Amino acid sequence: MGAATDTSPAFRIPLRPLAAHHRSMVVLALGVVLLTDVLRVLLPSLITLFGRAGDTPPERMGLFAALWFLLPFAAAPLARRWGPRPVTLGGAALLVAARLALQAADGGAPQLYLAGAGVGFGLVFLYGCALRLPRRTVPAGLAAGMAASATAHLALDQVDLVWRDGVLPWLPVLAVGAAFLRLAWAAPASGDPAPPGVWFAFGPALALHGMYLATLGLAEHPGGEQGGPWRIAVVAAALVCAQFVMVSYAARPPYRRWVVVVLLPAAVAALAVSSALPFALFAAVALGGCLGMAALPATSPASARRGGIALLGGALVFLAAVFLYYAAYDADLGFPNGVVPVLLAGTVAAIAAAAARGRAVQHLARPRPRAVVVAALVTAAAVAALTWRPLPETRPIPRSEFTLIAYNIRMGFGLKGTLDLDRIAAWARAERPDVVLLSEVDRGWLLNGGHDDLARIARGLGMRYHFAPAADPLWGDAIITNLPVRQVVSHPLGRHDHPTGAQAQAAVVEVAGRQVGIVGTHLQAPPGQAPEVAAVVRDLGGGRPVLLAGDLNTRPGDPAMRVLSAAGLSDPLTALGDPLTSPADAPVERIDHVLVGPGLAVTAARAPGVEFSDHRPLVVRLRVTGV
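The rules behind these values
- Residues numbered from 1 in each chain as written.
- Predicted model: local features only at pLDDT ≥ 70, side-chain atom pairs only at ≥ 80, totals over all residues.
- Heavy atoms only, no water.
- Helix = DSSP H or I, 4+ residues; strand = E, 2+ residues; numbered from the N terminus.
- Rg over C-alpha atoms; globule rule 2.2 N^0.38 Å.
- Contact = heavy atoms within 4.5 Å.
- Areas by Shrake-Rupley, 256 points an atom, 1.4 Å probe, with all protein chains shown as cover.
- Lys, Arg positive; Asp, Glu negative; His and termini not counted.
- Charge placed at Lys NZ, Arg CZ, Asp CG, Glu CD.
- Buried < 20%, exposed > 50% of the residue type's maximum accessible area, 1.4 Å probe, protein only.
- Pairing = 2+ DSSP bridges.
- Right-handed = clockwise from strand over helix to strand, strands pointing away.
- Axes fitted to C-alpha atoms, helices over the stretch in contact; angles between N-to-C directions.
- Parallel < 35°, antiparallel > 145°, perpendicular 65-115°, else oblique.
- Nonpolar A, V, L, I, M, F, W, Y, C, P; charged D, E, K, R; others polar.
- Polar contact = N/O pair within 3.5 Å; in protein donor to acceptor, adjacent residues only side chain to side chain.

Trainee: So what's going on with the overall build of the protein? Residues and values would help.
Mentor: The secondary structure content of the protein amounts to 18 helices and 11 strands. Over its C-alpha trace the protein gives a radius of gyration of 26 Å, about what one expects of a compact globule, namely 25 Å for 627 residues. A principal-axis box enclosing the C-alpha atoms of the protein has dimensions of 80 × 45 × 45 Å. Taking the contacts inside the protein whose residues are at least 6 apart along the sequence as the reference set, 79% of them involve residues at least 24 apart. Accessible area of the protein: about 23600 Å², with a carbon and sulfur share of 63%. The average position of the 50 basic charges and that of the 38 acidic charges among the side chains of the protein differ by 15 Å.

Trainee: Can you explain the pairing of strand S1 (residues 401-408)? Please cite residues and give values.
Mentor: In terms of burial, S1 is a largely internal element, 7 of the 8 residues being buried. With 6 bridges joining them, S1 and strand S11 (residues 618-624) adopt antiparallel strand pairing. Each residue of the ladder has a partner; that of Ile405, found in S11, is Val619. Where the polypeptide runs from S1 across helix H15 (residues 421-430) and back to strand S2 (residues 435-442), its parallel neighbour, the crossover connection is right-handed.

Trainee: For the pairing of S2, give the residues involved together with the corresponding values.
Mentor: Consecutive side chains of a regular strand alternate in pointing toward one face of the sheet and then the other. Of all 8 residues in S2, 8 are buried; the element is thus mostly enclosed. Of the pairings in the sheet, the one linking S1 to S2 comprises 5 bridges and is parallel in character. Bridging from a neighbouring strand, Ile405 pairs with Val436 of S2. For S2 and strand S4 (residues 475-481), the ladder comprises 6 bridges, and the chain directions are antiparallel. Of the residues in S4, the one forming a bridge with Leu438 is Ala478.

Trainee: Give me the lowdown on the packing of helix H6 (residues 138-155) against helix H14 (residues 370-387), citing residues and values where you can.
Mentor: Two elements in contact, H6 and H14, have axes separated by 9 Å at closest approach and are oriented at 30°. The angle between H6 and H14 places the two elements in the roughly parallel class. Residues Thr151, Leu154 and Ala155 of H6 form the contact with H14, whose participating residues are Thr379, Val383, Leu386 and Thr387. Its residues assigned to classes, the contact of H6 with H14 shows 4 nonpolar, 3 polar and no charged.

Trainee: Talk me through the side chain of Arg590; I want residue IDs and the actual numbers.
Mentor: Assignment of secondary structure puts Arg590 in the loop between helix H18 (559-566) and strand S9 (592-596). Within the structure, Arg590 has its side chain in polar contact with the side chain of Asp571 (distance 3.1 Å). Side-chain polar atoms of Arg590 contact the side chain of Thr574, separated by 3.4 Å. With sequence-adjacent residues up to four places away left out, Arg590 is seen in contact with Thr554, Arg555, Pro556, Asp571, Leu573, Thr574, Asp578, Pro579, Leu580 and Thr581.

Encoded structure:
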């Protein structure tokens, strides 16, 4: 197919360097990048704005989210009446407008509705693409969009441009939006549409990619200890290379098709029980191969309209899978949530196997171009350099007093629904803490936008961290400190009929040459978990002073508090103004605590009125007095 000539007076930028099929692939990839951008805003906004503090019934939240995935079905009658090109261009223009408006929005209802509208417009654009773009460009375009989005996400330290203030973030957003609209205008139509299977597979593929292939949470040490300066950089480089291989296999499926069909569900099943990096790399390779095979030509011409409806149906599968996977942490669904990604992988693999049955693919099994290898290595090296960070040095303190912060950060999203990780770090740094205990720490959940809260906050503080997984390897609690740390152990707590996992992180730090035990936790079922935490406190004692801090979901007069008191802990904050912590904007109770045992005295305590979470933090000054 030759390059199309654009004679429109409104657009004079020459496009001859890009062949027509490359143009189609790039515009599809840029559309996926913009769609992913707004998805990373909509998903956490559903939790933090529409369903604030869990007050909204889940069925209402699900219906509200589904609205933005159902409205794009209106593109079908519009395309029948006006043709696919106006629908494609209209969806593209509105998607760019929504993305630019999100850059200007400052949280709240505008953020929620703009993100929802952006997702709807992005799906309308993709519907038009299903009707217009040539088959051979579709799998590579879809894979390239996911890969470009993930690579940019990693290079930006997993804090996307939409969450960044100032003028500078506008420049790349405007550039991408302008290039996208220019290419969408010039993209040629084709009489060889992609089969419905590859369009349907995009929804499950996007869910799998966001869950496992776009986060550095996989770089974490199995014991929760912060990796060395090269560990995260190497993992980032490996993930970037995997993105390039995924696109390469989507463009040219492997000759031995059964390998990727078997490998994809096997690798995802392994990831469901282990976050080991090799499984993620295998999954990326297999995902690209399956997308490429799903677009192999059928024996009869594919229906473009069926492809569009299949795309929208696959998007609904994406939404349902995300809700089912993460709802297992808040509701008893009767099955382990690891089943969800395995079913998604099985769906994509089955579509690929059905499409490849009896089809010749020898002509596609050519060696990968050398330019792709060079580009992958250069990009991987650049991302590795951007993610490399030195490990802060341990800093002993000679004084017997130290400052502790205990904060439930709600994944880093403030009351306005904005990602406030840098604001949290800046505020905490001004408090000059020696120890920071965090609850509800997210290391890369797709539902929350795929951010590594802990690494970002710790780097802003210039401190080391130790992560303690609770619900799964990417969600839990943490201790951040540059004090000498002698031991850190995470003790899993029983669920006690509560689906969300919990743990108690027991650490021993040195203060003025003396050992102090610190237990950080976020109790999900206080009546049942309090005795287990009390046992951890007793075991950590052994002649050293111990404190317990975190979101205990317990009021001072609750039975769970009496259990903790029996372990030798007292609540000194009651006599120091009884600072209230929940909710953050108008606190009426204290469910976050710092309880101390013999040998520790609290000299000051307060709950500053910051709104970087739905809880207020506790800032406590302690003194080691002896045993």
